[in-house]
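Architecture at a glance
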Amino acid sequence: MVLKEFSLDGKVAIVTGASRGIGKAIALTMAEAGADIVAAARTAAELEKTAKEVRQLGRKCLAVPTDVTKLKQVEKMADKAIAEFGKIDILVNNAGIDLRKPAISAGKTGSALTMEDWDKVLDTNLHAAFFCCQAVGRHMLKQGNGKVINIGADEAEHDGVNDVAYAVSKAALLRFTKALAEEWAPYRINVNMLTPGLQRTDIWKNPELKLTPKENERRLQAMTTPLGRWGELREAGLLAVFLASDASNYMTGEVIRLGGSGIDSH
Amino acid sequence: MTLTQFSLDGKVAIVTGASRGIGKAIALTLAEAGADIVAAARTTADIEETAKEVRRSGRQCLAVPTDVTDMAQVENMVKRTISKFGRIDILVNNVGYSLESPVVLTGKERSGIIPEIPLKYKEAYPEETWRLLVDVNLSAAFRCCKAVGPHMIKQGSGKIINVSSFCAVVAGIHDIPYAAAKLAINHMTRVLALELAPYKINVNCIGPGSNITAIRWLCRPHLTKEQVDLVLSRIPNVIPLRRHGELRELGLLAVYLASPASDYMTGQTIYLDGGLTAK
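Residues numbered from 1 in each chain as written. Chains lettered and ligands numbered in written order. Predicted model: local features only at pLDDT ≥ 70, side-chain atom pairs only at ≥ 80, totals over all residues.

1. Let's talk about unusual backbone geometry
Residue and element names in this part refer to chain A. Look at asparagine 162: it is not a glycine, yet its phi comes out positive at around 60 degrees. Along the chain, asparagine 162 falls in the loop between β5 (146-151) and α5 (164-184). Notably, asparagine 206 is not glycine yet its phi reads approximately 40 degrees, a positive angle. Here asparagine 206 lies in the loop between β6 (189-195) and α6 (213-221). Residue asparagine 206 is classed as partly exposed on the basis of its C-beta count, with 17 C-beta atoms lying within 10 Å. (Helix = DSSP H or I, 4+ residues; strand = E, 2+ residues; numbered from the N terminus. Buried ≥ 20, exposed ≤ 12 C-beta atoms within 10 Å, placed from the backbone.)

2. Here we look at helix α5 (residues 176-196) of chain B
Residue and element names in this part refer to chain B. Here α5 is 21 residues long and its end C-alpha atoms lie 30 Å apart, about the 30 Å a rise of 1.5 Å per residue gives. Buried within α5 are the following residues: Pro177, Tyr178, Ala179, Ala181, Lys182, Ile185, Met188, Thr189, Arg190, Leu192, Ala193 and Leu196. Turning to α5, the residues buried within the fold contact α4 (127-155), β5 (158-163), β6 (201-208) and β7 (269-272). (Expected span 1.5 Å × (residues − 1). Contact = placed C-beta atoms within 7 Å.)

3. Notes on the nonpolar core
If you look at the biggest cluster of nonpolar residues, it comprises 173 residues, and the most contacted ones within it are Met30 and Ala39 of chain A together with Leu30 and Ala39 of chain B. Apart from the residues within four sequence positions on either side, leucine 30 of chain B is in contact with Leu8, Ala13, Ala35, Ile37, Ile90, Ala254, Val255 and Ala258 of chain B. (Core = buried A, V, L, I, M, F, W, Y, C linked by C-beta atoms within 7 Å.)

4. Focus: the sheet that holds strand β3 (residues 61-65) of chain A
All names here are of chain A. Read from one edge of the open sheet, seven strands run β3-β2-β1-β4-β5-β6-β7, paired in parallel fashion. Edge positions in the sheet fall to β3 and β7 (255-257), since each has one partner strand and no second. Put simply, the sheet's adjacent strands are angled 20 degrees from each other on average, direction ignored. Relative to strand β4 (residues 90-93), strand β1 (residues 12-16) runs parallel, the two being bridged by three bridges. Each residue of the ladder has a partner; that of alanine 13, found in β4, is isoleucine 90. Sheet strands touched by helix α3 (residues 71-85): β1, β2 (36-41) and β3. Its angle to β3, the strand with the most contacts, is close to 160 degrees. Here α5 sits on the sheet and contacts β5, β6 and β7; the angle it forms with β6, its principal contact strand, is near 160 degrees. (Pairing = 2+ DSSP bridges. Axes fitted to C-alpha atoms, helices over the stretch in contact; angles between N-to-C directions.)

5. Considering the interface of chain B and chain A
Note: interface size is frequently given as the accessible area lost on complex formation between the parts. Taken together, the 37 residues of chain B in the interface contact 38 residues of chain A. Elements supplying a minimum of two residues to the side of chain B that touches chain A: α5, α8 (247-258) and β7 of chain B. The biggest single contributor to the side of chain B that touches chain A is α8 of chain B, with four residues. In terms of residue class, the side of chain B that touches chain A is built from 20 nonpolar, 11 polar and six charged. (Nonpolar A, V, L, I, M, F, W, Y, C, P; charged D, E, K, R; others polar.)

6. Section: the confidence of the model for chain B
On average, residues of chain B carry a pLDDT of 97, and 99% of them reach 70 or more. With a pTM of 0.97, the predicted complex shows an ipTM of 0.96. (pLDDT = per-residue confidence, 0-100.)

Written as structure tokens, this is what we have:
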């Protein structure tokens, strides 16, 4: 028996980075829960694939190729969503990248984080979320309702060796989540962070590490979590549905973590 | 809508403190989601009432009068559950209690939320009250986990849901034993999650915010009913979402944590408090 408060019937959700990985899984699971989807990402072809799968589930999907690091494109994305659906109930700030480089090069020149790397990571992981919240929040404020879900990472609070730009971007996103939650509470807009745990997505390709596919696979296999496994993308999707649904109307400013985050054995 | 992972069909849940308040709401919502319930608390009449309401929603309910400060009674609760249902899928450690007092009585005590009313405490915390509150709020959960754990390990599955409070992380005066015990529950959740993870048992914790339950008056014998009403009327002003929580909302979070949807979540304390702990 699935309780009605978990349903997203009649809702409209924007998901950034919806072309693959966690974003795609969230878009599809939300569609399964009843939401119509606005799918945003840079590559039109991949985006259309997501849109097709959403429509196969019986929901509408508007695919909007968008570079979320560009405010003007983000504003256009929000405008197109309103033009098509008349409202935006849910915003999932999922677009994100990782660049695993040390802060200082230990030997090889050019192997450390450059300012360009730093800016790229912060632009995609932090500034984009801010732009999307501004562009979409405008409408949510007018509506007097809304659910913002920022996708976090374990690195917001733990680890981060050779990964400081990513760690910082997610930590800042966490702080942003809590501050915005308090700021937008008067407008009945819930702002929460979803930390998906270890998930098999392209973010683990890390070409900057210059590993062979076999070496990379060995690296990932060596990672352990308390539950002894990586997550399933659908599990992130289901948590996103919970956070987008009426069941969580009293939850805001919260960070909710999959994967046994923070309890690893030392 | 086909998200079957949110269903509790076929599951059996023990809920302690199921006689009223949050425990009752959790029991009823878990039942609505498909679970059969074992309702445990001290007052037989109250848990029989909960059982009646559970059965009205089409589920089975076993009411077992239980004082969770007594290990023998906790073991009896588990024995009767296994005897009737043959399994325990979910354990909700909800029993909790509070009594407000200063650590040292000065006679000048004032509250931030009703600063105009002098607080006429009769005494500072007697040591016995500290012991009782830690026992009910912390040790009881340990006892239940100890008694239920072996069954979940044998099954190779289980969901333990502890109940903490925003008081665990937001400091409020005259509430030390409750606050300390609740923060201890949070850490017990983490440690137990790590310990039971190899057996596919998830251990998580719900952190309620401000809800209207009997405990809000019972914990303040130094105030009149009207004075407590006044306190409760002012609390929403400090909550970002400007309202108390609804007990059903806690029930829905319990359903998520009890369901297959949250199989990849463990060791977490999740606050459902209108933004109170995020400020």
